[in-house]
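These are the residues of each chain, in order.
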Amino acid sequence: MELEVKTLDGDAAGSIALSDEIFGLEPRADILQRVVRWQLAKRQAGTHHAKTRNEGNRTGKKMYRQKGTGGARHGDKNAPQFRGGGKAFGPVVRDHAHDLPKKVRALGLKLALSAKAKTASIVVIDEAIAAEPKTKALKDRFAKLGFTSVLVIDGAVPNDNFRLAARGIGKVDVLPVQGINVYDILRRDTLVLTKAAVAALEERFK
């Protein structure tokens, strides 16, 4: 697959050949769904917690005598049916993460890249560098290129000025190539790869 390489100013900067083994696969929604579900489950904090009956701070003294009152029998005010009592079967602190084979994760990344390539939503630029960390200047350059919702993947270390300038633009994410993932690729309309990112991805999947 051959793509034109552009600069951030929209000028042509040659062309680049993308590997069909990474960018030319037929997308599979089932694999993409599995990987996204795995990612989102892994990032859940799992810190939700409700106090149970034995964690309540109310008295444990028996409320009234067992028999002869004409009412239901109760042991203490920490029971769930009373105001201020413990929660029955409430949420507890736990880890939401589940396993997913490495081969499925790798395949999911290739399929996400292929899905963007199939819809012509991949743009390759020569480099992502800004002379100054000025958000307005970068926003104007993005407007010329037609970028509204974009994920920019750079090499191992993104340019600091570019990263800081992009931080103030809505629906724009900048990641190093090590941080590329299926969820972030799919949640943005356009995937922008630098030449360094393309080389790193092809090296990764050799």
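Residues numbered from 1 in each chain as written. Predicted model: local features only at pLDDT ≥ 70, side-chain atom pairs only at ≥ 80, totals over all residues. Heavy atoms only, no water.

An unreviewed UniProt entry annotates the chain as Large ribosomal subunit protein uL4 of Methylobrevis albus. UniProt annotates the chain under Sequence similarities (unreviewed entry) with the comment "Belongs to the universal ribosomal protein uL4 family." What UniProt states about the chain under its Subunit (unreviewed entry) heading is, verbatim, "Part of the 50S ribosomal subunit." (UniProt positions renumbered as here; feature names shortened; annotations may be inferred.)

Colleague: Explain the nonpolar core to me, using residue names and the numbers behind them.
Modeller: Of all hydrophobic cores here, the largest spans 32 residues; its most connected members are F23, L113, I153, I185, L191, L193 and L201. Counting residues per element, the ones that place at least two in this core are α1 (20–23), α2 (29–43), α3 (102–118), β3 (122–125), β4 (150–154), α6 (182–187), β6 (190–194) and α7 (195–204). Ranked by residue count, the leading element in this core is α3, at six residues. The contact partners of L201, leaving out residues within four places of it in the chain, are I22, F23, L113, V177, I180 and L193. Within the second largest apolar cluster, 18 residues are counted, among which are L138, F142, V152 and A165. (Core = buried A, V, L, I, M, F, W, Y, C linked by side-chain atoms within 4.5 Å. Buried < 20%, exposed > 50% of the residue type's maximum accessible area, 1.4 Å probe, protein only. Helix = DSSP H or I, 4+ residues; strand = E, 2+ residues; numbered from the N terminus. Contact = heavy atoms within 4.5 Å.)

Colleague: Run through the sheet that holds β6, naming residues and quoting values.
Modeller: Strand order in the open sheet formed by six strands is β2-β1-β3-β6-β4-β5, with mixed pairing between adjacent strands. Edge positions in the sheet fall to β2 (12–17) and β5 (172–176), since each has one partner strand and no second. Each adjacent strand pair in this sheet contributes to an overall mean axis angle of 30°, direction not counted. Bridge count for strand β1 (residues 2–6) against β2 is four bridges, and the pairing is antiparallel. (Pairing = 2+ DSSP bridges. Axes fitted to C-alpha atoms, helices over the stretch in contact; angles between N-to-C directions.)

Colleague: Explain the packing of aromatic side chains residue by residue, including any values.
Modeller: Inspection of every chain in the model, using the stated rule, returns two aromatic pairs. For the pair F142 and F147, a centre-to-centre distance of 5.5 Å together with 70° between the ring planes defines the contact as edge-to-face. F147 shares its class with F142; the two are buried. Summarising the aromatic geometry, the rings of F142 and F162 are spaced 6.3 Å apart at their centres and angled 65° between planes, so their arrangement reads as edge-to-face. (Phe/Tyr/Trp six-rings, centres within 6.5 Å; stacked < 30°, edge-to-face > 60°.)

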